[in-house]
There are 2 protein chains.
Amino acid sequence: MSEITAKITPPQDFDTLRAAILERRGELPKRLTQVAAYALDHPDDIAFGTAASIALSADVQPSTLVRFAQQFGFDGFSGLQLLFRARLRERTSSYEERLRALEQDGAALAESTTIFNGFIAAAHRSIDTIAAAVEPDAFERAVTLLANAETIYLIAKRRSYPISSYMAYAFGKLKVRCQLVGTSAGIDDDLLAMATPSDAAFAISFSPYASESAAQARALAARGIPVVSLTDSAFSPLAECSREWFEVVEADHAGFRSLSASMAFAMALTVSIAEKRRRG
Amino acid sequence: MSEITAKITPPQDFDTLRAAILERRGELPKRLTQVAAYALDHPDDIAFGTAASIALSADVQPSTLVRFAQQFGFDGFSGLQLLFRARLRERTSSYEERLRALEQDGAALAESTTIFNGFIAAAHRSIDTIAAAVEPDAFERAVTLLANAETIYLIAKRRSYPISSYMAYAFGKLKVRCQLVGTSAGIDDDLLAMATPSDAAFAISFSPYASESAAQARALAARGIPVVSLTDSAFSPLAECSREWFEVVEADHAGFRSLSASMAFAMALTVSIAEKRRRG
DNA sequence: CCACAATTGGAATGAACATTCCACATTGAC
DNA sequence: GTCAATGTGGAATGTTCATTCCAATTGTGG
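Reading the values: the criteria
- Residues numbered from 1 in each chain as written.
- Chains lettered and ligands numbered in written order.
- Predicted model: local features only at pLDDT ≥ 70, side-chain atom pairs only at ≥ 80, totals over all residues.
- Heavy atoms only, no water.
- Helix = DSSP H or I, 4+ residues; strand = E, 2+ residues; numbered from the N terminus.
- Buried < 20%, exposed > 50% of the residue type's maximum accessible area, 1.4 Å probe, protein only.
- Contact = heavy atoms within 4.5 Å.
- Areas by Shrake-Rupley, 256 points an atom, 1.4 Å probe, with all protein chains shown as cover.
- pLDDT = per-residue confidence, 0-100.
- Phe/Tyr/Trp six-rings, centres within 6.5 Å; stacked < 30°, edge-to-face > 60°.
- Lys NZ or Arg CZ within 6 Å of the ring centre and 35° of its normal.
- Near = heavy atom within 4 Å.
- Polar contact = N/O pair within 3.5 Å; in protein donor to acceptor, adjacent residues only side chain to side chain.
- Arc of directions from axis to C-beta.
- Buried area = accessible area lost by both parts, 1.4 Å probe.
- Salt bridge = Lys/Arg side-chain N within 4 Å of Asp/Glu carboxyl O.
- Axes fitted to C-alpha atoms, helices over the stretch in contact; angles between N-to-C directions.
- Parallel < 35°, antiparallel > 145°, perpendicular 65-115°, else oblique.
- Nonpolar A, V, L, I, M, F, W, Y, C, P; charged D, E, K, R; others polar.

Looking now at the overall build of chain A. Check the secondary structure of chain A and you find 13 helices and seven strands. When each of the 280 residues of chain A is scored for burial, the buried share is 55%. Once local pairs closer than 6 in sequence are excluded, the contacts in chain A between residues at least 24 apart make up 72%. Carbon and sulfur atoms make up 52% of the accessible area of chain A, which totals about 12600 Å².

Attention now goes to the confidence of the model for chain A. Residue and element names in this part refer to chain A. Looking at chain A as a whole, its pLDDT mean stands at 82, while 88% of the residues score no less than 70. Ranking the elements of chain A by mean pLDDT puts helix α7 (residues 96-104) last, at 46, and strand β3 (residues 200-205) first, at 94. Taken together, the stretch residues 92-101 has pLDDT below 50 and engages in 18 contacts with residues farther than four places along the chain or on a different chain.

A few words now on the packing of aromatic side chains. Two aromatic rings, taken as a pair, are described by how far apart their centres are and by the angle between their planes. All told, the structure shown has 17 aromatic pairs over all chains when counted by the stated rule. Ring geometry for F14(B) against F84(B): centres 5.0 Å apart, planes inclined by 85°, an arrangement best described as edge-to-face. Taken as a pair, F14(B) in helix α1 (residues 14-24) and F84(B) in helix α6 (residues 77-103) lie far apart in primary sequence, 70 residues in all. Looking at F14(B), the relative accessible area reads 11%, which means it is buried. Look at F139(B) and F246(B): their rings are 6.1 Å apart centre to centre, the planes differ by 70°, and that puts the pair in the edge-to-face class. Placement of F139(B) in helix α8 (residues 136-147) and of F246(B) in strand β5 (residues 244-247) is noted, with a sequence separation of 107 residues between them. Residue F139(B) shares its accessibility class with F246(B), and that shared class is buried. Taken together, the aromatic side chains of F116(A), F139(B), F246(B) and F265(B) make up a single cluster linked through ring pairs. The ring of F72(A) has R24(A) lying over it, and the distance from NZ or CZ to the ring centre is 5.0 Å.

Before going further, it helps to examine the protein's contact with DNA strand D. Taken together, the neighbourhood of DNA strand D is formed by 18 residues, with A51(A), Q70(A), F77(A), R31(B) and Q61(B) sitting nearest. If you look at DNA strand D and keep only atoms within 4 Å of the protein, 69% of those are sugar or phosphate atoms. At a separation of 3.0 Å, a phosphate oxygen of DNA strand D approaches a polar side-chain atom of Q70(A). Measuring from a phosphate oxygen of DNA strand D, one finds a backbone N or O atom of F77(A) at 2.5 Å.

Attention shifts here to helix α4 (residues 51-58) of chain B. Residues and elements named next belong to chain B. Looking only at α4, the buried set comprises I54, A55 and A58. Relative to the axis of α4, the buried residues are bounded by an arc of 100° and lie together on one face. Two residues or fewer past α4, D59 is found with a positive phi of approximately 60°.

All right, on to the interface of chain A and chain B then. The interface is formed by 60 residues belonging to chain A together with 60 residues belonging to chain B. Where chain A abuts chain B, roughly 5800 Å² becomes buried across the two surfaces, and 68% of that area is made up of carbon and sulfur atoms. Applying the counting rule to chain A against chain B returns one salt bridge. A salt bridge links E247(A) to R18(B), with the nearest nitrogen and oxygen atoms 3.1 Å apart. Taken together, the links from chain A to chain B amount to ten residue pairs in polar contact (both at pLDDT 80 or more). Every element with two or more residues in the side of chain A that touches chain B is listed here: α3 (43-48), α6 (77-90), α8 (111-133), α9 (136-147), α10 (161-173), β5 (244-247), β7 (256-257) and α13 (260-279) of chain A. The element best represented in the side of chain A that touches chain B is α8(A), accounting for 14 residues.

Below, the discussion takes up the packing of α8(A) against α8(B). Where α8(A) contacts α8(B), the axes come no closer than 9 Å and their chain directions differ by 110°. Classified by the angle between their axes, α8(A) and α8(B) sit roughly perpendicular to one another. Across from S112(A), T113(A) and F116(A) in α8(A), the residues of α8(B) making contact are P136(B), F139(B), E140(B) and V143(B). Among the residues making up the contact of α8(A) with α8(B), the classes are represented as four nonpolar, two polar and one charged.

Listed below in C-alpha cells is the structure:
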C-alpha cells in the first residue's frame with residue numbers, strides 16, 4: 001500500500017501559483033521543470049492554447065501538462081489554465097488583487113461596506129478601461145472640433161445629465177460659451193434651432209438611450225453641425241451621426257454604474273477645449 | 001436553385017471585424033443583431049468563453065453564434081473567436097505601452113493627450129484616497145440614518161450639483177423618495193420648510209463653499225433634521241452641523257478637479273440606502 | 001548487476017465542444 | 001388568407017480535447 005497523496009488546495013490566483021512554481025522549481029523532475037519554465041516564460045500561450053498545442057510548443061506530452069497541474073493541487077490542466085486566463089483579463093487593472101482581498105472577508109463586513117468597496121473597485125476598472133479605449137488622435141480631433149465652435153451645445157438626458165451639467169459649470173468658469181440642452185422641458189428644440197454649422201454639439205447617452213437625445217443629435221448633424229458623442233456601446237444611435245464618438249463602459253457593481261470614468265473623460269475634454277482656445 | 005452564397009474572405013484582424021459588424025448592424029436579423037451587440041460590448045467574454053457559455057450570456061442559441069460568424073465569412077464560430085483572442089493579447093501590451101508613455105515625458109504627445117492622461121491619473125488617485133479615508137462604521141451609520149428617513153433632501157449647488165442630480169436620478173429608479181434642492185432658484189427654502197425630523201438631508205459642498213448650502217444645512221440641523229454631508233475639508237461649514245460627514249479630496253490636474261471619486265461615493269451611498277430599505 | 005521506484009511516452013477513453021441539420025416560427029408579398 | 005422565403009430553436013453529429021492508464025524507460029540504492 002503506497003502513501004496517500006496529500007490533497008493540497010490549488011493556488012487561487014496567478015501570483016500565488018507563480019510563487020509556488022518558483023519555489024518548487026528545483027525539486028521537480030526534468031519534464032515538469034521544462035513545463036514550469038515554459039509556463040513562466042509564455043504565460044499568454046498557456047492562457048489561449050490547448051493542451052495539445054502547448055505540449056507541442058513546450059516539447060512535452062499533453063499528459064505531462066496534466067501531471068504538472070496536479071503537482072500544484074489542480075484537478076487537471078484546465079484548472080491551472082483558468083488562472084492564466086484570469087491573469088490576462090485582469091492585467092489591465094492592478095486593483096483586482098485588492099478587490100479579491102476585499103471580497104474574501106466580505107462576509108464579516110457590513111453590507112454597506114461591501115457595496116462601497118464594490119463601487120471603488122468598479123470605478124478603478126472603469127477608469128482603466130477608458131484610458132485604454134480612448135485613442136489620442138480621435139480625442140485630439142474631437143477637441144479641435146469643439147474648440148472651433150462658437151457655441152457648444154451639450155445634449156444629455158437622465159443618467160448622463162449630471163455629466164453635461166458639470167461640463168456646463170466648468171465651461172462657464174472657463175469662459176467658453178455653451179448651452180445646456182435638456183435642462184427645462186419644452187424649449188430644447190427652440191434652442192437647438194438656433195444652432196449653425198459654426199457651432200458644435202457634444203452629446204452623451206447611455207443605454208437605455210433617451211430617444212430624444214438621439215433625435216436631437218441627428219437633427220443637428222443633418223443641418224451640418226458637427227456632433228461629438230460619448231456613449232457606452234457602438235450600437236448607440238448616437239454613434240452613427242457623430243463625427244467623433246467615444247465609448248466608455250462603466251464597470252458596474254450589482255448592476256449599478258457610477259459615472260466616475262465618464263466624469264474624468266468629460267473634464268479632460270472640457271479643459272482641453274478651453275486650453276486649445278486660449279492658445280489658438 | 002438559389003443563388004450561390006458568395007464566399008467572402010473573413011476579416012483578418014479585430015478592428016476590421018469590428019468595422020464590418022458596425023457597418024452591417026442594420027441589415028442583420030434580430031438574433032444576429034443581438035449577437036453583434038453582445039460581441040462588441042463583451043469582447044472579453046467572447047475571447048474566453050465557449051460557444052455554449054457565450055450563447056447563454058447573450059441569450060441566443062449556440063447555432064446562432066455559428067451563423068453570425070458565417071455571416072462575416074468565417075468557417076464557424078471558432079474562427080471569429082480567434083480574432084477576439086488576438087485582440088486581448090495585443091491590448092494588454094498596448095495598454096502597458098501607454099502607461100509607460102504616460103510615465104515618461106509627455107512632451108511628444110498632443111496637449112489634449114497629456115490633459116487626458118492627467119485626469120485619468122487624478123481620478124485614480126482620488127479614488128484611492130477616498131477608499132482609504134472613508135471609515136466603514138461611519139458609512140454604515142450614515143446609510144442607516146438616511147435609510148430611515150421618509151424623504152431625503154439633497155442639497156448641492158454649483159460644482160456639487162451634478163452629484164446630487166445623479167443621486168436623485170438613481171433614487172428615483174430605486175423608488176426612494178427624495179427631493180433635489182437647488183434645482184430652480186427661489187423655491188428651495190419653501191421646500192425645505194416642509195422637512196420634518198423624520199426626514200433627513202444629504203448635503204454636498206466643495207470649496208469655495210456655496211454659503212447658501214451651508215445655511216440651508218444649518219437651518220435643517222437646528223430643526224432636528226439629521227444631516228449627512230460630503231465635503232472636501234474638515235473646515236467646511238457643513239461639517240459642524242452634520243451628524244456624519246465624509247471628506248473627499250479630489251486630486252486635481254492643472255487646478256481642475258473631476259468628480260470621479262465623489263461619484264463613486266455617491267453611488268455607493270445611494271445603493272446602500274436602497275438596499276437597506278429593501279431588507280427591512 | 002539486479003531489484004525497485006520514479007518518471008515518461010503514447011495510445012485509449014470518455015467528456016465537452018462546435019457545427020450541422022431539420023422542423024417550426026415568423027415575416028412579407030400577393 | 002395563402003404561400004414562399006427567411007430566420008430560429010434545439011436535437012443530432014462528428015470532431016477535438018483533456019484526461020487516464022499502462023507499458024517502456026530511466027534513475028537509484030544495494
